[in-house]
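The lines below spell out each chain.
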Amino acid sequence: MYILATALPIIISICVVCVALMAFIIVILLKKKQPKIKVNEEFIEHLVEALGKRNNIIDVKTINGRVHFEVEDLEKVDLEELKKQSTAGVFITNQTIKMLFSYDSEAICSSVLALPKSE
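Engineer: For this particular structure, what's the right way to read the pattern of salt bridges?
Structural biologist: A side chain with one charge may pair with a side chain of the opposite charge, provided their charged atoms come close. By the definition in use, this model includes two salt bridges. The residue Glu 49 makes a salt bridge to Lys 53 at a minimum N-O spacing of 3.2 Å. What makes Glu 49 partly exposed here is its relative accessible area of 46%. By relative accessible area, which is 47% here, Lys 53 ends up partly exposed. The salt bridge involving Lys 83 is made with Glu 80; its shortest N-O contact spans 3.6 Å. Pair noted here: Lys 83 and Glu 80 are both in helix α3 (residues 79-85), with a separation of three residues, about one helical turn.

Rendered as structure tokens:
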């Protein structure tokens, strides 16, 4: 009886830790399974238009979930329109515009890069 009384707090502690660990793992798995919003063509058209057309876009890439647009001429960019489309603001460094969207960042990059540059 004495051994059971001294072991009971240890057993309860182990059970609490196991339940907390399982809850943590479930939360992580649920976060990873959230579907990303697909990019529609109208969004891409408005985005490219706000960036000064496809010819003004030199490069597009994603870094840490943000989409980085390297543009040739910042004067051609409509910052107010970009602010409307971004979920967390527009950040500009030199010729690079960094934005965060509710859409899948990789899909935005591939969609913009797939557009042809006009002659």
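Engineer: It is not clear to me how the environment of Lys 76 should be interpreted in this structure. Could you clarify?
Structural biologist: Examined against the element boundaries, Lys 76 turns out to sit in the loop between β2 (66-71) and α3. In sequence terms Lys 76 and Gly 52 are 24 residues apart; their C-alpha atoms lie 4.8 Å from each other.

Engineer: Sorry, what's going on with the pairing of strand β4 (residues 96-99) here?
Structural biologist: Regular strands show a simple pattern: their side chains alternate between the two faces of the sheet. On β4, burial follows the alternation: Ile 97 and Met 99 on one face are buried, whereas Thr 96 and Lys 98 on the facing-out side are not. Where β2 and β4 come together, four bridges link them in antiparallel fashion. Pairing of His 68 across the sheet is with Lys 98, part of β4. Two strands pair when backbone bridges link them, and strand β3 (residues 90-93) and β4 are joined in this way by four bridges, in the antiparallel orientation. The residue bridging Phe 91 from the neighbouring strand is Lys 98, located in β4.

The rules we used
Residues numbered from 1 in each chain as written. Predicted model: local features only at pLDDT ≥ 70, side-chain atom pairs only at ≥ 80, totals over all residues. Heavy atoms only, no water. Salt bridge = Lys/Arg side-chain N within 4 Å of Asp/Glu carboxyl O. Buried < 20%, exposed > 50% of the residue type's maximum accessible area, 1.4 Å probe, protein only. Helix = DSSP H or I, 4+ residues; strand = E, 2+ residues; numbered from the N terminus. Pairing = 2+ DSSP bridges.

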